[in-house]
Amino acid sequence: MGVVIEREEWALTPAAYPLLSAAALAAVLLLPYFSARAATHASGSSSPFDVGAGPFLRFRRAFLVLFSLASVVEGIQSVFGEDEFVRCGLGREQMAARLAAAAASALFLGGISGVISDKIGPRRACIFYWILQLAVSAMKSFSAIRCAWINNFIVALASSVFSFCFETWIVVEHEKQDQKQDLLFDTFWLMTFFESVSLIGSQGITNLLVNDDDNGFLLPYAFAALLSILGILYGRNASSTTQHASSIGSYQKSFFAHVLRDKRVLILVLAQASIHFAVSAFWFLWAPTIVADGRDAQLSLIYPCFLASRMLGSAGFPWFYGATSPFRNEDSLTIAYIAAGLSLSIVAYDYQEIGTLVILFCIFHACVGFILPSLSRLRSMYLPNELRGGMMSFSHSLSNAAIFVFLLQGAYHRNIANSTILGLASCGLLGAGGCIHMLRRWRKHTRQNPRSL
């Protein structure tokens, strides 16, 4: 007589996602009524979506739509995750090898792509991003080459380019049309907000288009290819800004002077690398951490809660900078880094209550949603625009090097425990919080940069 073992299933509270989404939307919609900055906009508009001069306002709206489409494509490429590898017949070691190779390509090719972006201009870099997405979506639409190594390389390179090309484009256009800095800062948090919304939307779109047969991935990747074509067409027709022409030698000297020899920018490099590594470590380890005690959980329902928390964090960003903020932005950013680090440190302690883990991961993502636009704001204050792509790709190269090592040692050779990786990510976030506090002290004792005014 066989023994039937019943597995316990943990269920997420149905109201969790609606409450987080409602809180994020309320933070956006109530902002004009509580922000003193709304009354100072020359256009007289109180909405963060409708400020700015006519030509730039039209570009900004189109840009946010384009950025949202790019985020949808990013989500489609990553939403299948381990299931795509399983359908390709890959085991644990083979998955780890593929991911490590992708991290290596992002380390070398992604690092060079930032410099190339600074040389050719952000609009062309965005077109290059769309071309990469079109190529990988087209190849993944065919089952015969869906599992090829080249797909992992292209996706990793496209993600690296995505991390800086759109931000650089909006900054260049903002400076070209001489808009207020507050408008640029609003665009930063709106980008993070719309990216989270688009990632949620990509999951819904994929669920509608995917099938259970061998060609089940055809429609999602065909849809991603269609969006990539639209992005290429818009990029080709968009107005271009003349890029600062400089030789390789002068760019190298400028990079050494303004990035490697400037303590403030180096702090931003380390802070960006720490948050990128922590987010990457989370996405590799959150699912096995949730189900580590043997209970089942509907991961597809938990995932949107993390992104809704990120929406809430980005929507809270405009409430914590400016004249009405109870703290300076650097102080709020320090607190966000410490909160994110502490949340991961509890997880790294091998805590296994699923409800508590979900809450901690939601706190972590809320902090991520606040940290990303805050770092973009600080980059605009301390970094020349013509070096933004190189600086951001340099910071991502540092985190990708760490990801490469831990994928090989942790996932492939199994020499490092998952809790150790999360603990190191937590230490990196706490250290970054200390660095941001040092930046705040240096700024207090030195003359304020005119770019921040």
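Keep in mind it's a predicted model, so treat the numbers as computed, not measured.

Caption draft 1: Molecular detail of the overall build of the chain. Helix and strand content of the chain: 15 helices and 2 strands. For the chain, the proportion of its 453 residues judged to be buried stands at 52%. Pairs at least 24 apart in sequence give 84% of the contacts found in the chain among residues at least 6 apart. On the chain, roughly 20,300 Å² of surface is accessible, and the fraction owed to carbon and sulfur atoms is 64%.

Caption draft 2: Inspection of the side chain of Ser105 at higher detail. Positionally, Ser105 belongs in helix α4 (residues 92-120). Take Ser105: its relative accessible area is 8%, and that puts it in the buried class. Beyond its immediate sequence surroundings of up to four residues, Ser105 is in contact with Gly110, Phe153 and Ala156.

Caption draft 3: Fine view of the environment of Ser395. Along the chain, Ser395 falls in helix α14 (residues 388-412). On the basis of relative accessibility, which here comes to 0%, the residue Ser395 falls in the buried class. Considering only alpha carbons, one finds Ser395 and Gln272, 123 residues apart in sequence, at a separation of 6.1 Å.

Caption draft 4: Representation of the confidence of the model for the chain within the structure. Confidence in the prediction of the chain, expressed as mean pLDDT, is 84, and 86% of residues score 70 or more. The low-confidence segment residues 38-44 (pLDDT under 50) makes 10 contacts with residues lying over four places distant or belonging to another chain. Throughout residues 447-453 the model reports pLDDT below 50, and contacts reaching past four residues in sequence, or to other chains, amount to 14 contacts.

Caption draft 5: Layout of helix α10 (residues 263-290). For α10, with 28 residues, the first-to-last C-alpha span of 39 Å sits near the 40 Å given by 1.5 Å per residue. Along α10, the sharpest kink reaches roughly 40 degrees, centred on Phe284 and followed within four residues by the proline Pro288. Capping the start of α10 is the job of one residue whose side-chain oxygen sits 3.0 Å from the backbone nitrogen of Arg264: Asp262.

Caption draft 6: Local environment of the packing of aromatic side chains. Throughout the structure, instances matching the rule amount to 30 aromatic pairs. Geometrically, the ring pair formed by Phe63 and Phe67 is stacked, given 6.3 Å between the ring centres and 15 degrees between the ring planes. Here Phe63 and its partner Phe67 are both found in helix α2 (residues 54-79), 4 residues apart, which amounts to about one turn of the helix. Residue classification places Phe63 among the buried positions, given a relative accessible area of 0%. For the ring pair Phe282 and Phe361, a centre distance of 4.9 Å and an interplane angle of 70 degrees mean the geometry is edge-to-face. Of this pair, Phe282 sits in helix α10 while Phe361 sits in helix α13 (residues 354-382); the two residues are 79 residues apart in sequence, bridging distant segments of the chain.

Caption draft 7: Broad picture of the pattern of salt bridges. Enumeration according to the criterion identifies 4 salt bridges in this entry. A salt bridge links Arg379 to Glu167; the nearest nitrogen and oxygen atoms lie 3.0 Å apart. On the criterion of sequence distance, the pair formed by Arg379 in helix α13 and Glu167 in helix α6 (residues 149-176) is long-range, its members being 212 residues apart. Just as Arg379 is buried, Glu167 falls in that class too. With its nearest N and O atoms 3.2 Å apart, the salt bridge here joins Arg264 to Asp262. Classification of Arg264 by relative accessible area gives partly exposed; the value is 27%. Among the residues examined, Asp262 registers a relative accessible area of 14% and is labelled buried. It is possible to trace a salt-bridge network through shared partners that takes in Glu167, Arg379 and Arg388.

Caption draft 8: Inspection of the nonpolar core at higher detail. Within the largest apolar cluster, 116 residues are counted, with the highest numbers of intra-cluster contacts made by Tyr129, Phe166, Ile290 and Tyr337. Here the element with the most residues in this core is α13; it accounts for 15 residues.

Caption draft 9: Highlighting the environment of Phe370. Along the polypeptide, Phe370 turns up in helix α13. Separated by 57 residues in the primary sequence, Phe370 and Gly313 place their C-alpha atoms 4.7 Å from one another.

Caption draft 10: Looking closely at the packing of helix α7 (residues 181-209) against helix α11 (residues 299-316). Between α7 and α11, the least distance of the axes is 8 Å, while the angle of their chain directions is 165 degrees. Judged by the angle between their axes, α7 and α11 are roughly antiparallel. Every pair of crossing elements has a handedness; the one defined by α7 and α11 is left-handed. Contacts between α7 and α11 involve Trp189, Thr192, Phe193, Glu195, Ser196, Val197, Leu199, Ile200 and Gln203 on the former and, on the latter, Ser300, Tyr303, Pro304, Leu307, Ala308, Arg310, Met311, Ser314 and Ala315.

Here is what the cut-offs are and how they apply
- Residues numbered from 1 in each chain as written.
- Predicted model: local features only at pLDDT ≥ 70, side-chain atom pairs only at ≥ 80, totals over all residues.
- Heavy atoms only, no water.
- Helix = DSSP H or I, 4+ residues; strand = E, 2+ residues; numbered from the N terminus.
- Buried < 20%, exposed > 50% of the residue type's maximum accessible area, 1.4 Å probe, protein only.
- Contact = heavy atoms within 4.5 Å.
- Areas by Shrake-Rupley, 256 points an atom, 1.4 Å probe, with all protein chains shown as cover.
- pLDDT = per-residue confidence, 0-100.
- Expected span 1.5 Å × (residues − 1).
- Bend = angle between axes of the 7 residues up to and from the residue.
- Polar contact = N/O pair within 3.5 Å; in protein donor to acceptor, adjacent residues only side chain to side chain.
- Phe/Tyr/Trp six-rings, centres within 6.5 Å; stacked < 30°, edge-to-face > 60°.
- Salt bridge = Lys/Arg side-chain N within 4 Å of Asp/Glu carboxyl O.
- Core = buried A, V, L, I, M, F, W, Y, C linked by side-chain atoms within 4.5 Å.
- Axes fitted to C-alpha atoms, helices over the stretch in contact; angles between N-to-C directions.
- Parallel < 35°, antiparallel > 145°, perpendicular 65-115°, else oblique.
- Left-handed = near helix turned anticlockwise from the far one by under 90°.

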